[in-house]
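Reading the structure
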Amino acid sequence: MIKTSNKIEWEELEDLLVDITDIYGYDFSQYSKASLQRRILSFYLKGRFSSYADFRNKLFSDAYYFMYFVEEVTVNVTEMFRDPAFYKCLREKILPVLSTYPFIRIWHAGCSTGEEVYSMAILLKEANVLHKSLLYATDINPTVIETAKTGLFKASAMQQYSENYINSGGQKDFSTYYTANYNLAKFNEEFSSRMVFSTHNLVSDSSFNEFQLILCRNVLIYFEKKLQSRVLELFDKSLDTLGFLALGNKESIKFSSIAPLYIPFNSKEKIWRKIK
Amino acid sequence: MAQDKIALVMIGGSSGSLDAILKIFPKVNAHFSTPVIVVMHRNIASDSMLEEVLSFRTHLKVKEAEEKETISPGHMYIAPPDYHLLIEKDRTLSLDYSEKINFSRPSIDISFESAADIYGASLVCIVLSGANADGAKGAAYANKLGSKIIIQDPLTAIVPFMPEQAIEHTSKNNVLSIEGIVSFLNGL
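Residues numbered from 1 in each chain as written. Chains lettered and ligands numbered in written order. Predicted model: local features only at pLDDT ≥ 70, side-chain atom pairs only at ≥ 80, totals over all residues.

1. Some thoughts on the overall build of chain B
Applied cut-off: Runs of H or I in DSSP of at least four residues are treated as helices and runs of E of at least two as strands, each being numbered from the N terminus. As defined in this context, the radius of gyration uses C-alpha atoms, and a globule is described by 2.2 Å times the residue total to the power 0.38. With C-beta atoms placed from the backbone, a residue counts as buried when 20 or more other C-beta atoms lie within 10 Å of its own, as exposed when 12 or fewer do, and as partly exposed for counts between those limits. Contact criterion: two residues are in contact if their C-beta atoms, reconstructed from the backbone, are within 7 Å.
Tallying secondary structure elements over chain B gives 6 helices and 9 strands in all. Expected size for 188 residues packed as a compact globule is a radius of gyration near 16 Å; at 15 Å, chain B falls within 12% of this value. If you line up chain B on its principal axes, its C-alpha atoms span 40 × 35 × 35 Å. Evaluated residue by residue, chain B yields a buried proportion of 49% over its 188 residues. In chain B, 71% of the contacts between residues at least 6 apart in sequence involve partners at least 24 apart.

Set out below in structure tokens:
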């Protein structure tokens, strides 16, 4: 049982994860435990349950509550043009290559609420290739996918996003890409019309298409090594030869089984190119 | 009292803490090899020199903490800017890009708590100079799990607020000057 010291023991965590897999089919057993444990604990404390057993009962008897749990324990922090230097590299080095293709397919794996997908769509539009591009955006979490589909973001974040956009080499007036209404900014439908949203679980789902660019930034850090390898192999299966793979600032394909098939394209921005 | 051998030194600090670290580590003996993890709030734009600056002041191998890396003796790991740093049960490092805590990422509280979960009484947390309360909650948590808490004497800190907060939140702590921290580390 849980102790009053507000701590979920490792054994309790492991039991919980096994039961979640059995009952709901979501397998978190290969997630990095330190972060997962912290988030589950803070979810449990926020719920003000009278006991840990009560929390388990609620979680396993109420599927809606479980989806809320998934939403809260997975990390959904994101922003538009996050790491502007990364987007500058996409804009200046990668899009000129992709533009030579008759059709461009891009996969954002772990897209969260979609900020990075809309950022990419803006880059594609400015390169005059949005009309021949399709952006597939997936996440484990159905709630964030619903948010991403709406193209609605907090108006209060636009100033920061506009700065990021300019630092990424953007030269247009960023505010022409959305309509601000009260506290929300709605991005123009020309962007969302080129996007396909779907839930996809990197733990259990398979490859569903071939892409010239796959972005999966700050997702692998939450996975243990074995799961990282599985996901990288899944990306490899989903990537055309000469396609690009972009990971988060602190993530790498180094030491993975797919490493020999790739060359670094931009080491600082964590972009690799598939050569075999 | 039987003392657990210290297996990990966690250092948390904000404004003014680099100055303290640069004073402490040149005086640490060459036989000191306990792994050290530094969680410091820093400006993303101006951070690229930090590892280099530190590596001139210590015999420990200074490097940015990488995810899944095993904590090894003789190393000083620096938490990368804009990520939380946690420790797994197998004593490897984990990074996390979740919400800022008290406007901080990395959060010293998160790292102290996570390290205490794994190391308990074989952990020492050192709180240095800083302008916010980050670290105090984590030090209190680690304190309860038996970790040793060392706090830079606020009188010697460039910005005393962070050590003051840590003193207020911990029941058992050692408030030490720079020299005191040096001799503590040399005694490990």
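2. Some remarks on the domain arrangement of chain A
All names here are of chain A. Test applied: The start and end points of each domain follow an automatic or database-based domain assignment. Three categories are distinguished: nonpolar for Ala, Val, Leu, Ile, Met, Phe, Trp, Tyr, Cys and Pro, charged for Asp, Glu, Lys and Arg, and polar for the others, with Gly belonging to the last.
Entries for chain A in the domain assignment read domain 1 (10-73) and domain 2 (84-274). A C-alpha centroid distance of 29 Å is found between domain 1 and domain 2. Taken together, the contact pairs 8 residues of domain 1 with 11 residues of domain 2. The residue makeup of the side of domain 1 that touches domain 2, split by class, is 3 nonpolar, 3 polar and 2 charged.

3. Concerning the nonpolar core
Note that soluble globular proteins tend to have their nonpolar side chains buried in a common cluster. Spelled out, the test is: A set of buried Ala, Val, Leu, Ile, Met, Phe, Trp, Tyr and Cys residues, joined through C-beta atoms within 7 Å, is what we mean by a nonpolar core.
Ranked by internal contacts, the top residues of the largest apolar core, which has 120 residues, are Ala121 and Ile214 of chain A together with Met10, Ile11, Val38, Cys125 and Ile126 of chain B. Not counting residues up to four positions away in its chain, the partners in contact with Met10 of chain B are Ile37, Val39, Ser111, Phe112, Ala115, Leu123, Cys125 and Ile126 of chain B. With 9 residues, the next largest nonpolar core counts Ile8, Phe28, Leu36 and Tyr44 of chain A among its residues.

4. Here's the deal with the pairing of strand β2 (residues 133-139) of chain A
Residue and element names in this part refer to chain A. Here is the rule we go by: Orient the strands so they point away from the viewer; a crossover is then right-handed if the path from the first strand over the helix to the second runs clockwise. In short, DSSP must find at least two bridges between two strands for them to pair.
Of all 7 residues making up β2, 6 are buried, and the element is well covered by its neighbours. Read from strand β1 (residues 104-109) through helix α6 (residues 115-126) to β2, the crossover connection turns out right-handed. Pairing analysis gives 5 bridges linking β2 to strand β6 (residues 195-199), with the strands arranged parallel. Residue pairing across strands places Asp139 opposite Thr199, the latter belonging to β6.

5. Side note on the interface of chain A and chain B
Interface size is often expressed as the accessible area that is lost when the parts come together. Across the contact, 12 residues belong to chain A and 17 residues belong to chain B. Taken together, the residues of the side of chain A that touches chain B sort by class into 5 nonpolar, 3 polar and 4 charged.

6. Overview of the sheet that holds strand β4 (residues 75-78) of chain B
Residue and element names in this part refer to chain B. The criterion, for reference: For every element, the axis is a line fit to its C-alpha atoms; helices are fit only across the contacting stretch, and the angle between N-to-C directions ranges from 0 to 180 degrees.
Ordered in space as β3-β4-β2-β1-β7-β8-β9, the 7 strands form an open sheet in which the pairing is parallel. The sheet is open, and its two borders are formed by β3 (61-64) and β9 (174-176), each paired with just one other strand. Ignoring strand direction, the axes of neighbouring strands in this sheet form an average angle of 20°. Inspection of the sheet shows β3 paired to β4 by 4 bridges, in the parallel sense.

7. With respect to the confidence of the model for chain B
As a reminder, the rule being used: For every residue, the predictor assigns a confidence score, pLDDT, that lies between 0 and 100.
In the predicted model, chain B carries a mean pLDDT of 94, and 95% of its residues have values of at least 70. Across the interfaces of the predicted complex, the ipTM metric reaches 0.90, alongside a pTM of 0.93.

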